[in-house]
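# Topology and contacts: notes
Spelled out, the chains give:
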Amino acid sequence: SIEPGSFTSNGSMIVVSNRLPFVLKRNEISGQLERKASAGGLVTAVAPVVINGNGVWVGWPGMHMENPNEPIPESDPNDRTPTAGLLSRKVVAVHVDDGIFDSYYNGCCNGTFWPLFHSMPDRATFIAEHWRAYSAVNEQFAAKTVGALEQIHKEQENQQNGTPLVWVHDYHLMLAANWIRQAAEEKNLRLKLGFFLHIPFPPWDIFRLFPWADEILQGMLGCDMVGFHIQDYCLNFVDCCQRCLGCRVDRKNLLVEHGGRTVRVRPLPIGIPFDRFVSLSETATKVMQSNQKIVLGVDRLDYTKGLVHRLKAFEMLLEKHPEHREQVTMLQIAVPSRTDVREYQDLKLEMDQLIGCINGRFTTPNWSPIRYIYGCVSQDELAAFYRDAAVALVTPLRDGMNLVAKEFVACQINTPPGVLIVSPFAGAGEMMHEALICNPYEIDEAAEVIHRALTMPEDERTLRMNHLRRRERIYDVNYWMKSFLQVMGSLEEHDSVGATT
Ligand code: GDG
């Protein structure tokens, strides 16, 4: 695997994402602002490149601030997280006006783009006011980014540095890139612009349902390179550019001509901090004192994750294969998510009810079929769950990539290992060929796949898991970070010992 410090960008990198890599919280006693670090894999890989290249992170600080000029605190001296070295003057907080935040975030981002881009248009709302809020927030992000870019140009005036690199993330900010480019051109500021979408890009037939679809494409085409997890999303995007905007495109080489420039489109499948999950699973103490085999699910509570279908498949398994009763327990962790949005509140109720039904139907004095955690567990506990599960069920109806599938295989250090079941509608299903593939919509068949996983011979489990682990170890999140710099022509490699092993 690749060490995070073994490469940097040859020009400073400005990362632009909806959220900063930490959130701000007000200490209730002292009244002071404090940073709360994020433990996500992306931050682990991206933060060192920002810090080492003297770059900047632009994002929303996670709270409304009465006084937007209140300074961002420096990190705590004891902070050992990847953002500890991110100085406050390298952080640009975008303070979204309270009056439009809800329309932007819950309305447009999570009420429109999330369902639409996951090909669930019936769940999407199309409201002009939400779109206006989205547009205004994107403009604000763009203005802040250009400010940061200007600053970098000033600081580096007399130095021979590479071109600054701006990296815009995800469906919250699909309009920002074009405005950043225009403003930078007016001010004569050199830059390279890249975008990465963490969710699927839908087929044209779905995408065009959005009334302002053309503007989205024009926004993204402000970039030099647009990245997606997999080839299919790239092809959908290229197709939309051709059919909505009439752009000349090259499908084979994934190129789009727009505004006299050629935009490159690239698959850049994200990975996980593989080694970190291995060491977590080596040290985590056993949390499940259970004689039963565990079938594990770990998801944000989201309708794209196929949780209801999954529960029904498990119920079907117990019905069709009674030999698993009292022998197998399903453990579902569902992290509360977007609880302000109605669709999510409804799903919570549906889950509660369905789990109650299934448990009521099959529970015996010594066993209940489903254990359900509605909440977040620590990373240590999570690693222990991944390690000790016999089967992981990663069965979204649609998912950009899905990191849970990858984290599960990283933590499978016991012999013999468990079995991964993955949906073909997750980006992860594309590459993880040695997993059992399961169409979540086909409940009967899904039950059979779980049965097959539970009864799979040890040598087959070992063979499949070895292949899966080998791939994820190589294509980890640092590989992803490095690939992005490479396609942008911004990669600087160092000859540190053990840089690649
Ligand atoms: C979006 C795309 C794409 C979950 N429960 C707990 C917990 N988690 C962590 C997991 C994992 C992450 O949350 C979930 O990542 P996913 O990839 O599964 O899903 P999304 O949140 O929908 O992410 C997705 C991703 O972006 C990256 O591009 O793969 O397709 O939808 O890392 O470990 N972590 C802890 N406790 C929990 O209870 N500590």
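Read on for a plain summary of the structure. Predicted model, so just to flag it, every value in this text is computed and none were measured.

## Observations regarding a negative patch on the surface
Together, Glu 442, Asp 444, Glu 445 and Glu 448 give the surface a local cluster of negative charge. Within the secondary structure layout, Glu 442 lies in the loop between β18 (436–437) and α14 (443–454). For Glu 442, a relative accessible area of 42% gives the class partly exposed.

## What to know about the nonpolar core
Across soluble globular proteins, you tend to see nonpolar side chains buried next to one another. The biggest cluster of nonpolar side chains holds 111 residues, and the ones touching the most others in it are Phe 113, Phe 141, Met 174, Phe 201, Phe 228 and Phe 237. With 10 residues, the single largest contributor to this core is helix α3 (residues 128–155). Setting aside anything within four residues of it in sequence, one finds Phe 237 in contact with Phe 201, Leu 217, Met 220, Leu 221, Val 226, Phe 228 and Val 265. Core analysis: the next-biggest nonpolar cluster, separate from the first, contains 67 residues, Ile 2, Leu 24, Val 49 and Tyr 386 among them.

## Focus: the side chain of Ser 337
Looking at the secondary structure, you find Ser 337 in the loop between β14 (328–335) and α10 (342–362). According to the relative accessible area criterion, Ser 337 is buried, its value standing at 10%. Residue contacts for Ser 337: discarding those within four places in its chain leaves Arg 300, Leu 301 and Tyr 344.

## Thoughts on α10
With 21 residues, α10 ought to run about 30 Å at 1.5 Å a step, and its terminal C-alpha atoms sit 31 Å apart, in line with that. Along α10, the residues that are buried comprise Tyr 344, Leu 347, Met 351, Leu 354, Ile 355, Ile 358, Asn 359 and Phe 362. Viewed end-on, α10 has its buried residues packed into an arc of 125°, placing them on one side of the element. Seen from the buried face of α10, the exposed residues on the opposite side, beyond 90 degrees, are Arg 342, Leu 349, Gln 353, Cys 357 and Gly 360.

## Some points on the side chain of Asn 106
Among the secondary structure elements, Asn 106 is positioned in helix α2 (residues 98–117). According to the relative accessible area criterion, Asn 106 is buried, its value standing at 14%. Residues within four places of Asn 106 in sequence aside, it is in contact with Phe 101, Gly 111, Asp 340 and Val 341.

## Thoughts on the environment of Gly 400
For Gly 400, the location among the structural elements is in the loop between β16 (391–394) and α12 (403–411). Along the chain, Gly 400 and Arg 276 lie 124 residues apart, while their C-alpha atoms are 22 Å from each other. Not counting the four nearest positions on each side in its chain, Gly 400 is found in contact with His 118, His 198, Ile 199, Pro 200, His 229, Tyr 233 and Gly 427.

How each quantity is defined
- Here the residue index of a chain counts from 1 through its sequence in written order.
- In view of the model being predicted, local features appear only for residues whose pLDDT reaches at least 70, and side-chain atom pairs are presented and counted only at 80 or more, with totals across whole chains, interfaces and linings using the full set of residues.
- Water and hydrogen atoms were dropped before computing side-chain values, which therefore reflect all heavy atoms in the structure.
- Residues enter patches when they are more than 30% accessible in relative terms and free of salt bridges; like-charged ones are connected within 9 Å and nonpolar ones (Val, Leu, Ile, Met, Phe, Trp, Tyr) within 5 Å.
- Accessible surface is estimated by sampling points in the Shrake-Rupley manner with a 1.4 Å probe; for residues, cover comes only from the protein chains shown.
- The rule for a salt bridge is simple: a side-chain nitrogen of Lys or Arg has to be within 4 Å of a carboxyl oxygen of Asp or Glu.
- We count Lys and Arg on the positive side and Asp and Glu on the negative side, and we leave His and both chain ends out.
- Each charge is placed at NZ for Lys, CZ for Arg, CG for Asp and CD for Glu.
- Under the scheme used here, helices are H or I runs from DSSP no shorter than 4 residues and strands are E runs no shorter than 2 residues, and both carry numbers assigned from the N terminus.
- Each residue is assigned to one of three classes by its accessible area relative to the maximum for its type, calculated with a 1.4 Å probe on protein chains only: buried under 20%, partly exposed between the two thresholds, exposed over 50%.
- Throughout this description, the term nonpolar core refers to a set of buried Ala, Val, Leu, Ile, Met, Phe, Trp, Tyr and Cys residues connected via side-chain atoms within 4.5 Å.
- Throughout, a contact is declared for two residues whenever any of their heavy atoms are within 4.5 Å.
- Under the convention used throughout, the expected extent of a helix is 1.5 Å for every residue step, that is, one less than its residue count.
- By construction, the arc corresponds to the directions joining the helix axis to the C-beta atoms.

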